[in-house]
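Residue-level structure breakdown
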There are 2 protein chains.
Amino acid sequence: MSFIEERETMRDAPIGVFDSGVGGLTVAREIMRQIPKERIIYFGDTARVPYGNKSKETVTKFSRQIVRFLQGQHVKAIVVACNTASAYALDEIEKEIDIPIIGVVKPGAKVAAESTGNGKIGVIGTEGTIGSRIYDTYIKEINPDITVIGKACPLFVPLVEEGLWQDPVTDEIAARYLSGLIDSGIDTLILGCTHYPMIRSTVGKIMGEKVTLVNPAYETARELKELLRTENLLSEEKQGLGSNCYRFYVSDMADKFQTFANSILKYGILSAKKINIEEY
Amino acid sequence: MSFIEERETMRDAPIGVFDSGVGGLTVAREIMRQIPKERIIYFGDTARVPYGNKSKETVTKFSRQIVRFLQGQHVKAIVVACNTASAYALDEIEKEIDIPIIGVVKPGAKVAAESTGNGKIGVIGTEGTIGSRIYDTYIKEINPDITVIGKACPLFVPLVEEGLWQDPVTDEIAARYLSGLIDSGIDTLILGCTHYPMIRSTVGKIMGEKVTLVNPAYETARELKELLRTENLLSEEKQGLGSNCYRFYVSDMADKFQTFANSILKYGILSAKKINIEEY
């Protein structure tokens with residue numbers, strides 16, 4: 001196959017998107033909106049979720065297994081739709097594979113650095129993401145004068161998964177987590193976990209109108225589109241319909257995933273398939 | 001080796017105790033109190049915690065791997081110190097191994113059935129434990145006239161792990177979860193998850209003095225002692241000291257486990273060792 005023919009075949013290939021569970025669906029949704037002609041293969045690691053309280057070594061091992069699975073599905077590019085995996089595993093995995101791979105952290109960091117007026121940015125996320133100080137690193141590369149203040153919010157994911165998106169308990173927990181960030185005078189706050197867009201209105205209410213909330217999902221889809229264009233990998237026509245277009249795999253609880261996914265995506269998921277990820 | 005010699009060697013062997021993470025330490029603590037001469041090998045599956053929102057198939061697979069690891073450590077008996085794993089995996093694994101194995105569910109069910117006066121028992125636990133209706137099954141075997149009312153409390157584990165053992169938010173969430181149980185007029189409530197003894201006082205305050213709280217950890221240690229006596233497997237003298245007596249293994253985050261364990265156990269853990277459980 002000539003180089004040009006190979007590119008043409010690759011253009012039709014799907015994009016691989018993965019997360020520790022359902023949170024990354026907020027990223028998949030943005031990709032569906034912004035580049036609707038693309039096929040997507042989504043993997044949610046529901047047997048080992050969450051990643052946010054696990055070590056760099058373990059999260060990297062899990063991510064590597066998923067990347068191997070996605071490569072077996074002949075994806076043309078991979079999106080790490082999980083902040084913790086982006087923080088811990090992306091740098092290493094990037095060196096090991098020969099297709100483009102992007103995470104959610106860098107795009108979020110970039111737009112936050114562009115958005116801040118007073119040079120004070122807050123980041124909320126899991127213990128892993130905040131502990132890694134990955135947002136600080138990327139933001140400081142863009143502008144070393146910016147101050148970045150991180151705050152881990154371990155209860156946000158369980159509260160979202162329990163469905164308490166708008167609830168006095170979530171208000172109270174959010175008020176506690178965010179009080180230090182309010183006092184520090186940030187004007188920009190990164191929602192550094194893919195679950196957090198679901199409680200965006202609670203966070204926005206507490207932070208006040210003057211603080212810009214950055215949702216890395218949106219920025220990631222934009223950066224992915226740019227990347228595919230640069231690499232000449234954008235799909236030129238809509239690739240199939242329904243289950244031909246979007247495929248979902250999980251490591252456990254396929255039915256529950258399907259229900260949750262259908263509440264997030266406007267698009268009806270025909271089925272989510274369970275695979276044994278430990279074999280990869 | 002003769003049968004008698006073999007029994008003597010086995011008496012000196014350690015007891016294997018496992019859980020999805022740190023919760024099972026409340027069971028290990030009871031075993032240390034009630035049969036202090038015994039050695040314990042504890043495994044916490046911190047790389048794949050929690051189990052409560054995962055499927056029977058996945059929890060059974062994980063439990064089987066851990067049992068294989070513990071058998072490699074030549075334990076004389078195994079305690080499944082996790083309600084979800086006891087509910088989902090115990091029946092199958094029991095048939096596959098030739099050493100005694102007990103879970104936390106049956107002992108908890110037994111004492112609850114003995115304790116109730118009005119024949120109405122409540123059970124709180126993870127989605128997995130409650131969905132399995134395992135407590136109902138065991139209690140009905142003892143007395144088919146007893147009514148068992150289950151309630152899943154998915155936020156209790158994250159609240160305990162966040163350290164909010166006594167907190168208005170935990171009070172509020174507990175009041176919501178427990179209101180139906182209060183209305184149903186139960187006189188006995190099983191704390192059907194190993195994390196829950198840590199918020200025993202919150203649950204007790206809401207349920208009121210007339211409701212007896214059953215902690216399966218205590219009953220499990222008692223049943224274990226009985227079982228070892230019957231099988232002639234009780235250790236006759238204290239087996240070593242410190243790290244010779246109690247050994248701790250995890251699949252991730254050994255340092256964090258150690259800190260948490262030291263806050264629960266009076267006994268100083270010398271070290272927790274990380275192993276790759278997926279290899280078993």
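Check the entry above for the structure.
Rules used in this analysis
Residues numbered from 1 in each chain as written. Chains lettered and ligands numbered in written order. Predicted model: local features only at pLDDT ≥ 70, side-chain atom pairs only at ≥ 80, totals over all residues. Heavy atoms only, no water. Pairing = 2+ DSSP bridges. Helix = DSSP H or I, 4+ residues; strand = E, 2+ residues; numbered from the N terminus. Axes fitted to C-alpha atoms, helices over the stretch in contact; angles between N-to-C directions. Contact = heavy atoms within 4.5 Å. Least-squares fit on C-alpha atoms with pLDDT ≥ 70 in both. Phe/Tyr/Trp six-rings, centres within 6.5 Å; stacked < 30°, edge-to-face > 60°. Buried < 20%, exposed > 50% of the residue type's maximum accessible area, 1.4 Å probe, protein only.

Residues and elements named next belong to chain B. Pairing is parallel across the open sheet formed by six strands, whose spatial order is E4-E3-E1-E2-E9-E10. With one partner strand each, in any of the chains shown, strand E4 (101-103) and strand E10 (272-274) form the two edges of the open sheet. With strand direction ignored, the average angle separating the axes of adjacent strands in the sheet is 20 degrees. Sheet topology places strand E1 (residues 15-19) next to strand E3 (residues 77-80); four bridges connect them, and they run parallel. Of the residues in E3, the one forming a bridge with Phe-18 is Val-80. Helix H3 (residues 56-72) rests against E1, strand E2 (40-44), E3, E4 and strand E9 (246-250) of the sheet, and its axis sits at about 155 degrees to E1.

Let us now look at the relation of the copies chain A and chain B. Each of the two chain copies can be brought onto the other by rotation about an axis and movement along it. The transform that puts chain A on chain B rotates by 180 degrees and translates by 0.0 Å along the axis, for an RMSD of 0.0 Å. The transformation relating the two chain copies, once decomposed into turn and shift, fits a two-fold axis. For chain A, the smallest separation between a C-alpha atom and the rotation axis is recorded for A:Arg48, amounting to 2.4 Å. Counting the interface residues of chain A, we find that 100% of their copies in chain B are interface residues as well, pointing to one common contact surface.

Right, let's get into the packing of aromatic side chains. Residues and elements named next belong to chain A. Enumeration according to the criterion identifies 18 aromatic pairs over all chains in this entry. Aromatic pair Tyr-42 and Phe-257: ring centres 5.8 Å apart, planes at 35 degrees, arrangement tilted. You can see Tyr-42 sitting in strand E2 (residues 40-44) and its partner Phe-257 sitting in helix H13 (residues 254-264), a full 215 residues away along the chain. On the basis of relative accessible area, Phe-257 is assigned to the buried category, the value being 1%.

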